[in-house]
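Residue-level structural notes
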Amino acid sequence: MSTPPPTTGRPQAKLELPASQHLLDRRISDREQPGWLQQVWDSPRTLVLTLRNRRAPVPARHSSAASALILQRPSGPLPAGMVYLGAAPESTLYGAGHDQSERVHLVLDASGQGPEDDPEVSWLSLRTALALLDPFHLGLFTQAVAISNWHATATFCGTCGHRTVVRSSGWMRFCSNCSTDHFPRMNPAMITAVVDGQDRLLLGSAYQWEERRFSTFAGFVEAGESLEDTVAREVREEAGVVVRDVQYLGSQPWPFPAQLMLGFLTRVENAEQARPDDDEIRSVRWFTRQGLAHAVSTGEVIIPPRGSISRALIEYWFGGQITGPDYGAGLSASTRARSS
Ligand SMILES: [Zn+2]
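Residues numbered from 1 in each chain as written. Predicted model: local features only at pLDDT ≥ 70, side-chain atom pairs only at ≥ 80, totals over all residues. Heavy atoms only, no water.

1. Regarding the overall build of the protein chain
- Along the protein chain, the regular secondary structure elements total nine helices and 14 strands.
- On C-alpha atoms alone, the protein chain measures out to a radius of gyration of 22 Å, which is about the 20 Å that the 2.2 N^0.38 rule sets for 340 residues.
- With the C-alpha coordinates aligned to their principal axes, the bounding extent of the protein chain is approximately 65 × 50 × 40 Å.
- Counting across all 340 residues of the protein chain, residues that qualify as buried make up 49%.
- Across the protein chain, every contact between residues at least 6 apart in sequence was considered, and the portion connecting residues at least 24 apart equals 67%.
- With 32 positive and 36 negative side-chain charges, the protein chain shows a separation of 2 Å between the mean positions of the two kinds. (Helix = DSSP H or I, 4+ residues; strand = E, 2+ residues; numbered from the N terminus. Rg over C-alpha atoms; globule rule 2.2 N^0.38 Å. Buried < 20%, exposed > 50% of the residue type's maximum accessible area, 1.4 Å probe, protein only. Contact = heavy atoms within 4.5 Å. Lys, Arg positive; Asp, Glu negative; His and termini not counted. Charge placed at Lys NZ, Arg CZ, Asp CG, Glu CD.)

2. Details of the sheet that holds strand 8 (residues 180–182)
- Sheet architecture is open: three strands sit in the order 6-7-8, paired in antiparallel fashion. Because the sheet does not close on itself, it has two edges, and the strands there are strand 6 (165–167) and strand 8. In this sheet, adjacent strand axes meet at a mean angle of 35° when their direction is disregarded.
- Where strand 7 (residues 172–175) lies against strand 8, three bridges are found, and the strand directions are antiparallel. Residue pairing in the sheet places R173 in a bridge with H182 of strand 8. (Pairing = 2+ DSSP bridges. Axes fitted to C-alpha atoms, helices over the stretch in contact; angles between N-to-C directions.)

3. Examining the domain arrangement of the protein chain
- Partitioning the protein chain into domains gives domain 1 (18–153) and domain 2 (187–339).
- Using only C-alpha atoms to locate each centre, domain 1 and domain 2 end up separated by 31 Å.
- If you look at the interface, domain 1 gives eleven residues, while domain 2 gives 13 residues.
- Buried surface at the junction of domain 1 and domain 2, both sides included, amounts to about 1,000 Å², of which 66% is carbon and sulfur.
- Three residues, S20, R127 and L130, lead the burial of domain 1 against domain 2; their summed loss comes to 53% of the area buried on that side.
- There are zero salt bridges connecting domain 1 and domain 2. (Domains from an automatic or database assignment. Buried area = accessible area lost by both parts, 1.4 Å probe. Salt bridge = Lys/Arg side-chain N within 4 Å of Asp/Glu carboxyl O.)

In C-alpha cells form, the structure reads like this:
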C-alpha cells in the first residue's frame, strides 16, 4: 500500500463538538479501487468496528465510563457488506510512543455478527456514547452509524426501483439497470442559539418533552432554501422573533438518521414578542447566564446532554461549561420530530 502524506491540521469550529473532531484519512482514491477492501482485510494493521442494531461494543466493566470502542483484528475471509472507514496514525489509537507515520486501517462490519452474547462486552447506542467516548472513537462511531443508515435505505434505486450493488468499498451503490451511481446523502439542518440585545438566550420546550426540558431552535433546510433563510424562518415560526443577523459557528454529523447539523448564533430584535408556536413548541423562555446556571443546577431546567451541538451552542453563549445533572439525550424540537 502506498504511504499517504502525514495528516495535517484541520479548520477548527468555534464550538466544542467532540463528534466532529476525529482525524480519519478516508483514502478516497484508494477505496474506489475494486481490490481495496480485500487488501486492507489482509493487512496486519487493520482493525474492525462491529455494529449491532446501530450499537457499538465497549468493555462491559467500564460501559458507564468507556472512552474507547472495542476494535478487533480481521479473522476469516472478507465478509460481504464491509465498509472502509479510513486510516489513522498508530499513535492516535495506541497513544504516544507509537509510530506517527504508520497507519492503522479501520473497517466497519455492519452485518450484526459481533461478539455474540459475550459477558465482557456491552453494546452502546450513539446517543449514550456522546457524553462518554473520546473524540476519535466518537467520530468513528458516528461515521459508522451514518454510512450504515444510508445502506439500510439505499438497497433499491431511487430512479428505477432496481436493486443496487455496493461499490467503492461501501461508499457508493450502483444501479446496473439505469446506470445510476448513488452516493450517501446527508440532510442539512440548522440549529441556533437565539440571543437578544441584552445578551440573554432564548430556549424553547417542545410538547414531546417533559415541561422542564429546554433546548435551542432547529429545523431542516427546505429545497431551494439558503441556510440563512432557514434560520430566519424557523426562529420566526417557532419563537415569533425576527432575525437581525446570523453567525455560523460549526457543524456536527447527526445520523438520526442522516442529518448534518449546522450551528449558528442568531441575534434578534423583538425579544418582547417571543412566543411559542403552539404546534411543536409549548413554551419559550429568556435566560440570563446567572438564571440559566441556577435553573440547571437545581434541576428546574434540563438542557441537552454534553456532546450534542445544542449543548455546545448553549455553552458557547454561556462562555464555559454549565454544570448540572444530565438526563439522557435530547435534541432540538423540530428535527427530533422528523428523525425519530
Ligand atoms: Zn436504476
